[in-house]
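Commentary on secondary and tertiary structure
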Amino acid sequence: MFFRNLSLFRFPESVTKSIKNLGKDLESHRLRECGPLELSTRGFISPYGRDSQELLHQTGAFSLVTIGAEERLLPGVVVAEELADRIAKIADKEGRRPGAKERKRLKEEVISELLPRAFIRPSRLSAYLDAEQGWFVVDSASRKAAEDAVSQVREALGRFPATPMAPSESPRNLMTGWLIDGKLPPGLVLGEEVELRDPAEAGAIVRCRRQDLESDEIREHLKSGKQVFQLGLVFDDRMGFVLGEDLVVRKLRFLDVVLDELGDGTAESARAELDATFALMTLELKHLFERLEKWFGIPRPGERD
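Reference entry: report on the structure contained in this document. On a predicted model such as this, the values are computed, not experimentally measured, just so you know.

Helix and strand counts for the protein chain come out as 9 helices and 12 strands. Across its three principal axes, the protein chain shows a C-alpha extent of roughly 75 × 50 × 45 Å. For the protein chain, the proportion of its 305 residues judged to be buried stands at 43%. Taking as baseline every contact in the protein chain between residues at least 6 positions apart, the subset at least 24 positions apart corresponds to 66%. Across the protein chain, the 46 positively charged side chains and the 52 negatively charged ones have centroids separated by 6 Å.

For the rest of this paragraph, the subject is helix 9 (residues 270-296). With 27 residues, helix 9 extends 37 Å from end C-alpha to end C-alpha; this agrees with the ideal 39 Å at 1.5 Å per step. Phi for G297, located one or two positions after helix 9, is positive at around 70°.

Let us now look at the nonpolar core. In this structure, Y128, F241, L285 and F289 are the most contacted members of the largest nonpolar core, which totals 44 residues. If one sorts the elements of this core by residue count, helix 9 sits on top with 10 residues. With residues up to four places along the chain from it excluded, the contact list for Y128 reads F3, F62, S63, L64, W135, F136, V137, F278, M281, T282, L285 and F289. Listed in part, the 25 residues of the second largest apolar core include F11, F44, A127 and A156.

What follows concerns the packing of aromatic side chains. Summed over all chains, the structure comprises 11 aromatic pairs. With centroids separated by 4.9 Å and ring planes inclined at 45°, the aromatic side chains of F2 and F254 adopt a geometry described as tilted. Linking F2 in the segment before strand 1 (7-10) with F254 in strand 12 (residues 249-254), this pair joins segments that are 252 residues apart in sequence. Over the aromatic face of W135 sits the side chain of R10, whose NZ or CZ is 3.9 Å from the ring centroid. Note that R271 overlies the ring of Y48, its terminal NZ or CZ placed 4.0 Å from the centroid.

Scoring rules and cut-offs
- Along each chain, residue indices are assigned from 1 in the same order as the chain's sequence is written.
- pLDDT decides what is reported in this predicted model: residues at 70 or higher carry local features, side-chain atom pairs at 80 or more are listed and counted, and totals for whole chains, interfaces and linings draw on all residues regardless.
- To get the side-chain values, all heavy atoms of the structure are used, and hydrogens and water are removed first.
- Numbering of helices and strands runs from the N terminus, with a helix taken as a DSSP run of H or I at least four residues long and a strand as a DSSP run of E at least two residues long.
- Note on exposure labels: buried denotes an accessible area under 20% of the residue type's maximum, exposed denotes more than 50%, and partly exposed covers the range between, all computed with a 1.4 Å probe on protein chains only.
- Note on contacts: a residue pair is in contact if any heavy atoms of the two residues lie within 4.5 Å.
- The sign given to each residue is positive for Lys and Arg and negative for Asp and Glu; His and the chain ends receive no count.
- By convention, the charge on Lys lies at NZ, on Arg at CZ, on Asp at CG and on Glu at CD.
- By definition here, a helix of n residues has an expected span of 1.5 Å times n minus one.
- Remark: nonpolar core denotes a set of buried residues (Ala, Val, Leu, Ile, Met, Phe, Trp, Tyr, Cys) joined through side-chain atoms within 4.5 Å.
- When the centres of two rings from Phe, Tyr and Trp lie within 6.5 Å, Trp using its six-membered ring, the rings pair. Their planes under 30 degrees apart give stacked, over 60 give edge-to-face, and anything left gives tilted.
- Lysine and arginine charges are scored as sitting over a ring when NZ or CZ, respectively, is within 6 Å of the ring centre and within 35 degrees of the ring normal.

Below is the structure:
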């Protein structure tokens, strides 16, 4: 269950007290089945899978939650085709075309008739809270999905002042400087992926993969004024990722030296496997987040925030 993408938020120390009751708070916000006339529902499900009723997994200061959703698939083209058919029948039978108000009513009728027969698509999204350091970590690179996860936890807790990171140092400028000077902070080395952009509106974009980032080709792009918007990095020889100027961590992968610590992967149960991988992941990411906080100036927000 290693996370693949990390959208990061920070919350003040005062939230730690409410997190202690998180398991109980989640109970009244379980995912329920999508009703016949509902487009979607959202709520918490068990991190252990469908056979478990537990909604929270905890390891020390870390609390893992899983947000589930059910969405009815009703393509707009299907609704439009059925609506056009009904309008055509009225025109043939009564010799008139329905007005805007009647078309709206007909569309609502079409949707209510088709919805109960629409397929349901389930989805799940994992996130965890670090009560000790004030991080909320969502396994998604989508800003909307990440903010929806924050909203879901806020609804359960009643109050959850988690905010996107506000670095005091510009990630774009810092990462561009790393690439130009070749001087990265201790523990970081360049990976093999970069996205460079001309900061001017509608400027050129260059994306490179499996590329030597110290090559003359890259240097020429930097000399022309392009800046780093995403940069592939390796941290402490333990994990690789692509860091964006929005500080979203993409394509996270743990290297063999970390995976070897899990042993042969023959855990006695799915629960034991989850416990082992979650404990290892959060410990590794704790070290990374400490460095991110230092490199970019991302203090934990105070109560006034």
